[in-house]
Amino acid sequence: MTRTPPPTRPRTRARARAALLCAALLAVTVQTSAAAPAFAGGPGRPDGSDCVRTARPLDGEAREVLGITRKAKAELHLKSVELKVTSDGREVLTDALGESMTGVPAQPDMHFRAGSVAFSYVGTALLQLVQEGKVRLDDTVERWLPTLPKANQITLRMLATNTTGLHDYVTDPAFLAELEAHPFRQWTPNQLLAYPYSHPFWYKPGTNWSYSHANYVLLIQALEKITGTRIDKFLRERVTGPLGLDNTRNNFTPDIPRPVLHAFTSERGLYEESTFWNPSWTTAPGAVITTHVCDLARSAAAIGSGELLSHRSYRTLLNPGTVGLGHATATCPATICLEQTEARHFGLGVIVINGWVLQNPSFSGYAAIQAYLPSDRLAIAVNATKTKDTPDGNMAEVVAQRIAAALAPQAPLAIG
């Protein structure tokens, strides 16, 4: 596990664990208005959504996946589970179990916050720029980020791979206390970066590995300066648009496009709704995304297969030089500088575990995972919400692990 803050309040520690699970490997870790958005046309609901439950009767594989999900929902005391599984592009099962709110059934096309999934888009878009010769991964960032300490030593690769040595504000006790007290606060990048800047670096940039949300806040700022394009537009042009992810959007406010899957959490010591807590702390403005489970499954397959990248860039996505890094030092404990192995490591905006390529956001009552196994062309997308009795941690991971064990037993999705 990554570092747990000193004992302030139990739920503050729970928030730190949940936030780290949203992206950190081995820490195992929009536009919209009040009106309903326009959806891609399809044969589904009256609003035009084509993200609908798989038609019945189900075949044997789909029945197996549904049975696994129902059992997991009951055992983990989940309020809802949305899932989509595809194999070689073929739908195995799309479904939603449980409730969004009391008396409101969950539906597959309900939107939720996708957190660190955006990092996989940022990493893919960065590699596209490298392919085109517009930047090099080993360019230092002082021309774009002149106020960053050690900017002349830190490269784009280091920001994208979490090898800068910057502290993670999400585990800073002072930040956690402020976030817990004011969950609706709108954060600016400078306010977030003040926390890691107040600490010395864990190590010399590029020599070790440690997860920090600050790296992607900074990388997004650099990309905006490199391209002259706001990050939400850049990612729409480069990733979500080409992939047809019409329900994956940035939002500059805490609003979520309708229909909404509501979230609940006990992070602050009581079970309460957290759907519209402000997510501005999760990364830089313009990359705070919402999605639905069908887009998440499409995203899993496209990012996990390197659909938008050359073969060389795809290899870099999966291992940009992180394998072999991660070791405790006199200044960085083993709970922070985590070992990166061939079987389990952080890539360039993605996590690689036993051949699976994934991202696993978890915060403010939402927990999700997009996972793709290239060898089997198997995509698993799960989103889950909590009851007051749900265990701590990303329970969408647990559901996905059980599905993976049934469909690809030779490649355990062993996150925890």
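**Focus on the overall build of the protein**
In terms of helices and strands, the protein carries eleven helices and 14 strands. Across the 416 residues that make up the protein, the buried fraction comes to 61%. If you sum the accessible surface of the protein, you get close to 15000 Å²; carbon and sulfur atoms cover 54% of it.

**Remarks on the environment of Asp88**
Note on placement: Asp88 falls in the loop between β1 (78–87) and β2 (90–101). The exposed category is assigned to Asp88, whose relative accessible area is 53%. Residues Asp88 and Pro374 lie 286 residues apart in sequence; the distance between their C-alpha atoms is 9.4 Å.

**Considerations on the pattern of salt bridges**
All told, the structure shown has 15 salt bridges when counted by the stated rule. Note that Arg53 and Asp95 form a salt bridge whose closest N and O atoms lie 2.8 Å from each other. Linking Arg53 in the loop between α1 (10–21) and α2 (60–76) with Asp95 in strand β2, this pair joins segments that are 42 residues apart in sequence. We classify Arg53 as partly exposed; its relative accessible area is 32%. In this structure, Asp139 engages Arg136 in a salt bridge whose closest nitrogen and oxygen atoms are separated by 2.9 Å. With relative accessibility at 7%, the residue Asp139 sits in the buried group. For Arg136, a relative accessible area of 56% corresponds to the exposed category.

**Some remarks on the layout of surface pockets**
Computed from the structure, the largest pocket encloses a volume of approximately 340 Å³. Lining the largest pocket are 23 residues, with Lys84, Thr86, Cys294, Ala297 and Arg298 sitting closest to its centre. Those elements that provide at least two residues to the lining of the largest pocket are β1 and α9 (293–305). Counting residues per element, the lining of the largest pocket draws most heavily on α9, which supplies seven residues.

**Some words on the sheet that holds strand β5 (residues 249–250)**
Sheet architecture is open: three strands sit in the order β4-β8-β5, paired in antiparallel fashion. A strand with exactly one partner marks an edge of an open sheet, and here the two such strands are β4 (112–113) and β5. Here two bridges tie β5 to strand β8 (residues 289–291), and the two strands are oriented antiparallel to one another. Across the sheet, the residue bridging to Arg249 is Thr290, located in β8.

**Description of α2**
For α2, with 17 residues, the first-to-last C-alpha span of 24 Å sits near the 24 Å given by 1.5 Å per residue. Listed as buried for α2 are Ala62, Val65, Leu66, Ile68, Thr69, Ala72 and Leu76. Relative to the axis of α2, the buried residues are bounded by an arc of 160° and lie together on one face. Exposed and oriented more than 90 degrees from the buried face of α2 are Arg63, Arg70, Lys71 and Ala74. In this structure, the buried residues of α2 make contact with β1, β2 and α11 (395–407). For α2, the side-chain oxygen to backbone nitrogen distance between the N-cap and Glu61 is 3.3 Å, and the N-cap itself is Asp59. Just downstream of α2 lies His77, where phi reads positive at about 55°.

**So, the pairing of strand β13 (residues 366–373)**
Here β13 lies mainly inside the structure; eight of its eight residues are buried. Across the two faces of β13 the burial is the same, with Tyr366, Ala368, Gln370 and Tyr372 and Ala367, Ile369, Ala371 and Leu373 all buried. Two strands pair when backbone bridges link them, and strand β11 (residues 356–359) and β13 are joined in this way by three bridges, in the antiparallel orientation. Within β13, the residue paired with Gln359 across the bridge is Gln370. Pairing geometry for strand β12 (residues 362–363) and β13, over two bridges, is antiparallel. Residue pairing in the sheet places Ser362 in a bridge with Ala367 of β13. Taking the residues that link successive antiparallel strands as the turn, the β12-β13 hairpin has two residues, and the phi of Ser364 there is positive, at about 50°.

**Quick look at the side chain of Thr283**
Locating Thr283 in the fold gives a position in the loop between β7 (272–273) and β8. In this structure Thr283 comes out as buried when scored by relative accessible area, which is 2%. With residues near it in sequence (within four places) discarded, Thr283 still touches Phe119, Tyr169, Leu192, Tyr216, Val217, Ile220 and Val288.

**Concerning the confidence of the model for the protein**
Scored by pLDDT, the protein has a mean of 91; 88% of the residues are at 70 or more. Here residues 1–48 scores under 50 on pLDDT; set against residues more than four positions off or in separate chains, the count is 146 contacts.

**Overview of the state of the cysteines**
Per the stated rule, a full pass over the model turns up two disulfides. With a sulfur-sulfur separation of 2.0 Å, Cys51 is cross-linked through a disulfide to Cys294. Since a negative S-S torsion denotes a left-handed disulfide, the Cys51-Cys294 link at about 80° is right-handed. Of the two residues, Cys51 is situated in the loop between α1 and α2 and Cys294 in helix α9; the sequence distance between them amounts to 243 residues.

**Details of the pairing of β2**
Strand direction decides the pairing type here: β1 and β2, joined by eight bridges, are antiparallel. Bridge pairing in β2 links Ser87 to Arg90. Where β1 hands over to β2, the hairpin turn is made up of two residues, of which Asp88 adopts a positive phi near 55°.

**So, the packing of helix α3 (residues 117–131) against helix α10 (residues 311–318)**
The interhelical angle for the contact between α3 and α10, taken along N-to-C directions, is 140°, at an axis separation of 10 Å. The angle between the axes of α3 and α10 places the two elements in the oblique class. The way α3 lies across α10 gives a crossing that is right-handed. Contacts between α3 and α10 involve Thr124, Leu127 and Gln131 from the first element and Ser313, Thr316 and Leu317 from the second. Each residue belonging to the contact of α3 with α10 can be placed in one class, and the counts come to two nonpolar, four polar and no charged.

Thresholds applied
- Residues numbered from 1 in each chain as written.
- Predicted model: local features only at pLDDT ≥ 70, side-chain atom pairs only at ≥ 80, totals over all residues.
- Heavy atoms only, no water.
- Helix = DSSP H or I, 4+ residues; strand = E, 2+ residues; numbered from the N terminus.
- Buried < 20%, exposed > 50% of the residue type's maximum accessible area, 1.4 Å probe, protein only.
- Areas by Shrake-Rupley, 256 points an atom, 1.4 Å probe, with all protein chains shown as cover.
- Salt bridge = Lys/Arg side-chain N within 4 Å of Asp/Glu carboxyl O.
- 1 Å grid on protein atoms, 1.4 Å probe; cavity = no way out; pocket = protein on both sides within 12 Å on 5 of 7 lines; lining within 4 Å.
- Points joined across faces, edges and corners; volume = space filled by probe spheres on them.
- Pairing = 2+ DSSP bridges.
- Expected span 1.5 Å × (residues − 1).
- Arc of directions from axis to C-beta.
- Contact = heavy atoms within 4.5 Å.
- Polar contact = N/O pair within 3.5 Å; in protein donor to acceptor, adjacent residues only side chain to side chain.
- pLDDT = per-residue confidence, 0-100.
- Disulfide = S-S within 2.5 Å.
- Axes fitted to C-alpha atoms, helices over the stretch in contact; angles between N-to-C directions.
- Parallel < 35°, antiparallel > 145°, perpendicular 65-115°, else oblique.
- Left-handed = near helix turned anticlockwise from the far one by under 90°.
- Nonpolar A, V, L, I, M, F, W, Y, C, P; charged D, E, K, R; others polar.

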